[in-house]
Amino acid sequence: MTDHEVVVVGAGFCGIGAGIRLRDNGIDDFVILEQADDVGGTWRDNTYPGVAVDIASSVYSFSFEMNPGWSRTYAPGHELKAYADHCVAKYGLRPHLRLRRRVLDTCFDEDAHHWVLRVEELDTGRRYELTARFVIAAVGGLTQPKSPDIPGLNGFGGTTMHTARWDHAVDLTGKRVAVIGTGATAVQVVPAIAAEVAHLSVFQRTPIWIVPKPDRTISPVEQRIYRYLPPSQKAMRYLQSSLTETIMVGIRLYYKRLPWANHAVERLSLAHLRRQVPDPELRAKLTPHYGFWCKRPTYSNEYWRAFNRDNVTLVTDAIQRITKTGIRTADGRLHKVDALILATGFKVFEIGNTPPFPVYGSGGVELGRYWQDKRCQAYLGVSVPRFPNAFLMLGPYGLTGGSWFQLVENQSLHAIRVIKEARRRAATRVEVRQDVHDRYFDQVQRRQRGTVFFNHNCGGANSYFFDHHGDAPFLRPGLAVEAWWDAHTFDLDNYDYRNFSSSVVHRISPTRR
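Residues numbered from 1 in each chain as written. Predicted model: local features only at pLDDT ≥ 70, side-chain atom pairs only at ≥ 80, totals over all residues. Heavy atoms only, no water.

Colleague: Let's hear about the overall build of the chain: which residues, and what values?
Modeller: Looking only at helices and strands, the chain features 13 helices and 20 strands. The C-alpha atoms of the chain give 24 Å as radius of gyration, which agrees with the globular expectation for 513 residues (24 Å, within 12%). In terms of overall dimensions, the chain has a C-alpha envelope of 75 × 50 × 45 Å along the principal axes. Counting every position in the chain, which comprises 513 residues, the buried fraction comes to 58%. When contacts within the chain are restricted to residue pairs at least 6 apart in sequence, those whose partners lie at least 24 apart make up 72%. About 21,500 Å² of surface is accessible on the chain, with carbon and sulfur atoms providing 51% of the total. In the chain, which carries 64 positive and 52 negative side-chain charges, the distance between the mean positions of the two groups comes to 4 Å. (Helix = DSSP H or I, 4+ residues; strand = E, 2+ residues; numbered from the N terminus. Rg over C-alpha atoms; globule rule 2.2 N^0.38 Å. Buried < 20%, exposed > 50% of the residue type's maximum accessible area, 1.4 Å probe, protein only. Contact = heavy atoms within 4.5 Å. Areas by Shrake-Rupley, 256 points an atom, 1.4 Å probe, with all protein chains shown as cover. Lys, Arg positive; Asp, Glu negative; His and termini not counted. Charge placed at Lys NZ, Arg CZ, Asp CG, Glu CD.)

In structure tokens, the structure reads:
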């Protein structure tokens, strides 16, 4: 006896999107497990000062549930959290939610053709097993904060907090503050707190590429137009999607064929830097020496300008260690600070993060270890051989880079199509064919040769796009329209469908009507 047809793990936008797709397709026997006490994922956890989307709000949302009420082109984080709550309420997902439930591990039962999940109720400590015919791993990628490996970090005597675990009880007013890290999060935090602290020291290992941010307030009149004339917002979404796809995907994907496009954006960024930072010595320190898109770029009109303030210092000397009172750098100087802010990002394709619990497939193969040993790979970023009845929302080479929501809609559709086909064929075990999976992985590797990642001095970028194999599995080398087409049209016979009575070497043919 199986408890549920589907278990979704994670209640961020991946889990919300999967839940909506399941309900829309008449698959009602599902639960969504979430270890936190609320939904929203990234936008529940990240509440640091200045947090906002860096993809236009009209694109960073479901295509079927556009929000006419965004306050800005790039909405602040609390509006994304409210949007998540709205989607959960409108699409009736609350009864399916199981909050404060942490998945400890999951194992495929080859006799019963279902997954066995060991779950812990965090409020009571009770542990139990939950079974599901299918599992959708909707755990996201930027969920597990990564602390820097710096000697003495745990011995610091002041306040220490990671940006993804911001402590709003801490008042930074008038304090000496250090921000470690200069990625996309620091770009938002630094200008947001610079005016209130006594002194801000920003410790930079690798500078970041930044382009001007075309942000503006969306007026009540425009919001009303969007509300009562939805095609107007669809048109804006299309325009912003095209711009995002060009900057965030096209120049990365086609670098070898169109290097001038990448270089044109680099010139735009450097011109932006010259306008914002008049001091040539400071500007040189802020200038990246790797190719645009080797590391995640971002938009900002305020970050570079913050370094013109008298109370903000950019530190580029390597950190030697952290002491009880501050940070000692390689030049021997001790930078005394009262608070450490770790803007050091997240674990991505590392054991213990994607997914953040062991997943044991057919023959006891563990997914994280498989990727660690065999390279990160998954058919269309969704399915891996030897892991039947399991679907990944963020698998290797799944995200195009244009918008997270494109990933959510494509991958959830992919999973639903396979689940419905399994229903139609009365199949209890579904697994992507090895030859299909291998062809896709070979195609990905061929395409990667033309991207910016392997042609534009990415070695010094210190980028989470790259894993320990030297691959760049976070992003798919393809355009959003191709990912959309693949999700809608991939051949369902790319999967093996079996039931308890069928031979392990023969697929079940579709039922003829």
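Further notes follow.
Colleague: Could you give an account of the pattern of salt bridges, naming the residues involved and the relevant values?
Modeller: One pass over the full model with this rule turns up 30 salt bridges. With a closest N to O distance of 2.5 Å, R296 and D54 form a salt bridge. Of the two residues, R296 sits in the loop between helix 8 (280–286) and strand 11 (298–299) while D54 sits in the loop between helix 2 (42–45) and helix 3 (77–90), which places them 242 residues apart along the sequence. The salt bridge partner of E65 is K90, with a shortest N-O separation of 2.9 Å. With E65 in the loop between helix 2 and helix 3 and K90 in helix 3, this pair connects stretches of sequence that are 25 residues apart. Taking relative accessible area as the criterion, E65 reaches 8% and is therefore assigned buried. (Salt bridge = Lys/Arg side-chain N within 4 Å of Asp/Glu carboxyl O.)

Colleague: Tell me what's going on with the state of the cysteines, and back it up with residues and numbers.
Modeller: One pass over the structure, following the stated rule, counts one disulfide. Here C294 connects covalently by a disulfide to C458, the sulfurs 1.9 Å from one another. Negative torsions about the S-S bond denote left-handed disulfides, and the value of about -70° found for C294 with C458 makes this one left-handed. Taken together, the residues span a long stretch of sequence, with C294 in the loop between helix 8 and strand 11 and C458 in the loop between helix 12 (434–448) and helix 13 (480–489) at a distance of 164 residues. Across this residue pair, the class does not change: C294 and C458 are buried. In this structure C14 is not part of a disulfide, and its nearest cysteine sulfur, from C87, lies 13 Å away. Look at C87 and you get buried, because its relative accessible area is 0%. (Disulfide = S-S within 2.5 Å.)

Colleague: Quick one: what's the story with the side chain of N67, residue by residue and with numbers?
Modeller: Locating N67 in the fold gives a position in the loop between helix 2 and helix 3. Within the structure, the side chain of N67 is placed 2.9 Å from the backbone nitrogen of G69, a separation counted as a polar contact. Look past the residues within four positions of N67 in its chain and what remains in contact with it is Y83 and Q233. (Polar contact = N/O pair within 3.5 Å; in protein donor to acceptor, adjacent residues only side chain to side chain.)

Colleague: Got a sec to walk through the packing of helix 5 (residues 220–228) against helix 6 (residues 230–253)? Specific residues and values, please.
Modeller: Viewed as axis vectors pointing N to C, helix 5 and helix 6 meet at an angle of 105°, and their least axial separation amounts to 4 Å. Between helix 5 and helix 6, the angle falls in the class roughly perpendicular. For the pair helix 5 and helix 6, the contacting residues are E222, I225, Y226, R227 and Y228 in the first and P230, S232, Q233 and M236 in the second. Here the contact of helix 5 with helix 6 is composed, by residue class, of five nonpolar, two polar and two charged. (Axes fitted to C-alpha atoms, helices over the stretch in contact; angles between N-to-C directions. Parallel < 35°, antiparallel > 145°, perpendicular 65-115°, else oblique. Nonpolar A, V, L, I, M, F, W, Y, C, P; charged D, E, K, R; others polar.)

Colleague: So what's going on with the sheet that holds strand 14 (residues 326–329)? Residues and values would help.
Modeller: One open sheet holds the three strands; their spatial order is 13-14-15, and the pairing between them is antiparallel. Edge positions in the sheet fall to strand 13 (319–322) and strand 15 (334–336), since each has one partner strand and no second. Taking each pair of neighbouring strands and ignoring which way they run, the sheet shows an average axis angle of 25°. (Pairing = 2+ DSSP bridges.)

Colleague: Could you give an account of the sheet that holds strand 7 (residues 159–162), naming the residues involved and the relevant values?
Modeller: Within the open sheet, the five strands sit side by side as 7-16-8-9-12. Their pairing is parallel. Each of the sheet's edge strands pairs with one partner strand only, and the pair in question is strand 7 and strand 12 (312–315). Taking the axes of each pair of neighbouring strands and ignoring which way they run, one obtains an average angle of 15° across the sheet. In the sheet, strand 9 (residues 199–203) pairs with strand 12 via four bridges, with the strands oriented parallel.

Colleague: Describe the nonpolar core, and please don't skip the residues or the numbers.
Modeller: By size, the foremost hydrophobic cluster in this structure holds 147 residues, and its most contacted members are L117, L172 and L200. Core analysis: the second largest hydrophobic core is formed by 12 residues, L153, F203, I322 and V337 among them. (Core = buried A, V, L, I, M, F, W, Y, C linked by side-chain atoms within 4.5 Å.)

Colleague: Help me get a handle on helix 3, residues and values and all.
Modeller: If you check helix 3, its first and last C-alpha atoms are 20 Å apart, about what 14 residues at 1.5 Å a residue would give, namely 20 Å. Within helix 3 the residues assigned to the buried category are G77, E79, L80, K81, Y83, A84, C87 and V88. Buried residues along helix 3 sit in contact with helix 1 (13–24), helix 2, strand 3 (97–99) and helix 11 (404–424). Of the residues one or two after helix 3, G92 is the one with positive phi, at around 65°. (Expected span 1.5 Å × (residues − 1).)

Colleague: Describe the packing of helix 1 against helix 3, listing the residues and the values that go with them.
Modeller: For any two helices packed against each other, the geometry comes down to the angle between their axes and how far apart the axes lie. Contact geometry for helix 1 and helix 3: axes closest at 10 Å, N-to-C directions at 20°. One way to sum up the angle between helix 1 and helix 3 is to call them roughly parallel. Here the hand of the crossing between helix 1 and helix 3 comes out left-handed. Along its contact with helix 1, which presents F13, I16 and I20, the element helix 3 presents L80, Y83, A84, C87 and V88. Broken down by class, the residue content of the contact of helix 1 with helix 3 amounts to eight nonpolar, no polar and no charged. (Left-handed = near helix turned anticlockwise from the far one by under 90°.)

This is a description of form; function is not addressed.
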